[in-house]
Amino acid sequence: MGQSPVITTPHMSMPRIGLGTWPLKGPDGQAAVESALGLGYRHVDTAEMYGNEVEVGAALRASGVARGDIFLTTKVWFDKPDGPRFRDAALACL
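Attention here is on the structure that accompanies the text. (Residues numbered from 1 in each chain as written. Predicted model: local features only at pLDDT ≥ 70, side-chain atom pairs only at ≥ 80, totals over all residues. Heavy atoms only, no water.)

## A word on the sheet that holds strand 5 (residues 71–73)
Phase 1 of the analysis: Ordered in space as 3-4-5, the 3 strands form an open sheet in which the pairing is parallel. Of all strands in the sheet, those with a lone pairing partner are strand 3 (19–20) and strand 5, marking the two edges.
Phase 2 of the analysis: The pairing of strand 4 (residues 43–45) with strand 5 spans 3 bridges and is parallel. Counted as the bridge partner of H43 is F71 from strand 5. (Pairing = 2+ DSSP bridges. Helix = DSSP H or I, 4+ residues; strand = E, 2+ residues; numbered from the N terminus.)

If you want it as structure tokens, here you go:
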């Protein structure tokens, strides 16, 4: 995969195209994320409701790509709109 288009803000630049991880689970899900990273993807999108954060994390570690080179985006479920519950959910995603 060649250089993908990026979106730039005053604070950062990140790939516009990311690998969506719904509904990737289990060993096949991990393998899919590892494969995408091997092909050059550097933006991985997940969410707590997908239930695959363990697989995504394992793939990130196994890929050999430096963590600082990967953009990992996630979504917190709507039942945690603010405050400590939102923060706890965001930290759990990591």
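## Details of the pattern of salt bridges
Phase 1 of the analysis: In total, this model carries 4 salt bridges according to the counting rule given.
Phase 2 of the analysis: The residue E48 makes a salt bridge to K80 at a minimum N-O spacing of 3.3 Å. Here E48 is found in the loop between strand 4 and helix 2 (53–63), whereas its partner K80 is found in the loop between strand 5 and helix 3 (83–93), with 32 residues between them in sequence.
Phase 3 of the analysis: The class for E48 is partly exposed, based on a relative accessible area of 23%.
Phase 4 of the analysis: Judged by its relative accessible area of 18%, K80 is buried.
Phase 5 of the analysis: Notably, a salt bridge pairs D79 with K80, separated by 2.9 Å at the nearest N-O pair.
Phase 6 of the analysis: Since its relative accessible area comes to 34%, D79 is described here as partly exposed.
Phase 7 of the analysis: Linked through salt bridges whose partners overlap, the residues forming this network are E48, D79, K80 and R85. (Salt bridge = Lys/Arg side-chain N within 4 Å of Asp/Glu carboxyl O. Buried < 20%, exposed > 50% of the residue type's maximum accessible area, 1.4 Å probe, protein only.)

## Looking at the environment of E48
Phase 1 of the analysis: Between the C-alpha atoms of E48 and P23, which are 25 residues apart in sequence, the distance is 12 Å.
Phase 2 of the analysis: Within the structure, the side chain of E48 is placed 2.7 Å from the backbone nitrogen of W77, a separation counted as a polar contact. (Polar contact = N/O pair within 3.5 Å; in protein donor to acceptor, adjacent residues only side chain to side chain.)

## A closer look at the side chain of N52
Phase 1 of the analysis: The residue N52 is located in the loop between strand 4 and helix 2 in this model.
Phase 2 of the analysis: Non-local contacts of N52, meaning those with residues more than four positions away in its chain, are made with T21, L24, K25, T46 and A47. (Contact = heavy atoms within 4.5 Å.)

## Regarding unusual backbone geometry
Phase 1 of the analysis: That bond from W22 to P23 is cis: its omega, -5°, falls within 30 degrees of zero.
Phase 2 of the analysis: In this fold, P23 is placed in the loop between strand 3 and helix 1 (26–39).

## Quick look at the packing of aromatic side chains
Phase 1 of the analysis: A complete count under the given rule lists 2 aromatic pairs for this structure.
Phase 2 of the analysis: An angle of 50° between the planes, with centres 5.0 Å apart, marks the rings of W77 and F78 as tilted. (Phe/Tyr/Trp six-rings, centres within 6.5 Å; stacked < 30°, edge-to-face > 60°.)

## What to know about the nonpolar core
Phase 1 of the analysis: Ranked by size, the top nonpolar core spans 10 residues in total: L19, V33, A36, L37, V44, V56, A59, L60, V65 and I70.
Phase 2 of the analysis: Secondary structure elements with two or more residues in this core: helix 1 and helix 2.
Phase 3 of the analysis: In contact with A59, other than residues within four places in its own chain, are Q30, V33, E34 and L37. (Core = buried A, V, L, I, M, F, W, Y, C linked by side-chain atoms within 4.5 Å.)

These figures capture arrangement, not role.
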